[in-house]
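# Analysis of the macromolecular model
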Amino acid sequence: METPEPSSMTQQRLIGDLRLVIENAEELLKNTDHYTGVVYQNARAKLAVALTAANEELARFEEEQLNRMMEATHAANELHHDRTGEERILRAFYH
């Protein structure tokens, strides 16, 4: 099986980092819900909007990554004339 391209590894790292930032921001929102001051509520509202946008962007990145993986798999199957699932699996593990 071929190793991922460097740009693919960078994209995977970016997606992982974005997931971590989203998780941390969601945890921050949960842990600050008891602050009722206007400044806190405004900051929390802005963070919630940013989180929504980040989650949408993450979903878009993941969808694009999945599509690229499916296209690469299809191209490899065509190149190697894989006709069955068994042929695909064997090539994936032994080439």
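Conventions and cut-offs
Positions within a chain are numbered from 1, following the residues in the order the chain's sequence is written. Residues qualify for local features only when their pLDDT is at least 70, as the model is predicted, and side-chain atom pairs are given and counted only at 80 or more; totals for whole chains, interfaces and linings, by contrast, use all residues. Side-chain metrics rest on all non-hydrogen atoms present in the structure, leaving aside hydrogens and water. Think of it this way: any DSSP run of H or I at least four residues long counts as a helix, any run of E at least two long counts as a strand, and we number them from the N terminus. Note on method: radius of gyration uses C-alpha positions; expected globular size equals 2.2 Å times residues raised to 0.38. Note on classification: 1.4 Å probe, protein chains only; a residue is buried when its accessible area is under 20% of the maximum for its type, exposed when over 50%, partly exposed between these limits. Here, patches come from residues exposed beyond 30% relative accessible area and free of salt bridges, joined within 9 Å for like charges and within 5 Å for nonpolar side chains (Val, Leu, Ile, Met, Phe, Trp, Tyr). To be clear on the numbers: accessible area is Shrake-Rupley with a 1.4 Å probe, and residue cover counts the displayed protein chains and nothing else. Salt bridge, as applied in this entry: a Lys or Arg side-chain nitrogen positioned within 4 Å of an Asp or Glu carboxyl oxygen.

As annotated in an unreviewed UniProt entry, the protein chain is DUF883 domain-containing protein from Telluria antibiotica.

For the protein chain, the count of helices and strands is three helices and zero strands. Taking 95 residues into account, the globule formula puts the C-alpha radius of gyration at 12 Å, and the protein chain, at 20 Å, lies well above it. If one aligns the C-alpha atoms of the protein chain with their principal axes, the spans along those axes are about 65 × 25 × 15 Å. Each of the 95 residues in the protein chain was classed as buried or not, and the buried ones make up 15%.

At H81, a residue that is not glycine, the phi angle is positive and equals roughly 60°. Structurally, H81 is set in the loop between α2 (38–79) and α3 (85–94).

Take a nonpolar patch on the surface next. Where nonpolar side chains cluster on the molecular surface, the patch consists of I89, L90, F93 and Y94 and spans about 510 Å² of accessible area. You can see I89 is positioned in helix α3. I89 gets classed as exposed once you look at its relative accessible area, which sits at 51%.

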